Amino acid sequence: MLLTLEGGTLPAEIQQEMLEKMAGVYYKTRGTVTNALKIIVEQLNDRLLARNVRLQGKGSPILGIFNAVALHGSMVYFAHAGPTSAFLLANKAVEQFRDSTGMVRGLGISKAVYVRYFRGEVQPGDMVLLSAKPASSWNAKNLAGSPQLNLDQIRRRLLIEDP
């Protein structure tokens, strides 16, 4: 899971606690992977919305941008809330998952939650990259071959491509 906050502030330990609780909720939820992902997004939204309502007029509201990933067998499932991206860096190809409808909005601003789901097939050695603000150079051409690199080489590739 990746939670990126814009606007107001929330201490890192509170963010970590929220994500750990959401992981627990995910694993306790019966049903489909997408149902469990939807429930954690809704609960995270409820927490951020309650914080924003409670502190209304006393600071900037927090907008949450959230990525969740679930691996189920050879399938990887992504849930996005807000303008965010996920990349599947596979040996065979690079796929970028993002909402291109223009209907994206983050968490904590409304009771209604808009979640976008994606899925892909993974093999051993494939990698997932999550970013709320990916560099414009993070594309299939520039990220191709990443699974063959070590993590330090990938980090340098990501930073060098768009300094």
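Residues numbered from 1 in each chain as written. Predicted model: local features only at pLDDT ≥ 70, side-chain atom pairs only at ≥ 80, totals over all residues. Heavy atoms only, no water.

The three strands are arranged 5-4-7 in an open sheet whose pairing can be described as antiparallel. In this open sheet, the two edge strands, each paired with only one partner strand, are strand 5 (94-98) and strand 7 (127-131). On average, adjacent strands in this sheet sit at an angle of 15° to one another, irrespective of strand direction. Bridge count for strand 4 (residues 85-89) against strand 7 is five bridges, and the pairing is antiparallel. Looking at strand 7, one finds that Leu 88 is bridged to Val 128. (Pairing = 2+ DSSP bridges. Helix = DSSP H or I, 4+ residues; strand = E, 2+ residues; numbered from the N terminus. Axes fitted to C-alpha atoms, helices over the stretch in contact; angles between N-to-C directions.)

It is worth spelling out the environment of Leu 158 at this point. Along the polypeptide, Leu 158 turns up in helix 4 (residues 151-161). In this structure the C-alpha to C-alpha distance between Leu 158 and Ser 137, which are 21 residues apart in sequence, comes to 8.4 Å. Aside from chain neighbours lying at most four places away, what touches Leu 158 is Leu 129, Trp 138 and Leu 143. (Contact = heavy atoms within 4.5 Å.)

Okay, the sheet that holds strand 6 (residues 116-121) next. By way of backbone hydrogen bonds, the strands of a sheet pair with one another, either parallel or antiparallel. Spatially, 1-2-3-6 is the arrangement adopted by the four strands of the open sheet, whose pairing is antiparallel. The strands lining the two open edges of the sheet, one partner per strand, are strand 1 (2-7) and strand 6. Each strand of the sheet is rotated relative to its neighbour by a mean of 15°, with strand direction disregarded. Across seven bridges, strand 2 (residues 62-72) lies against strand 3 (residues 75-81) in antiparallel orientation. Of the residues in strand 3, the one forming a bridge with His 72 is Met 75.

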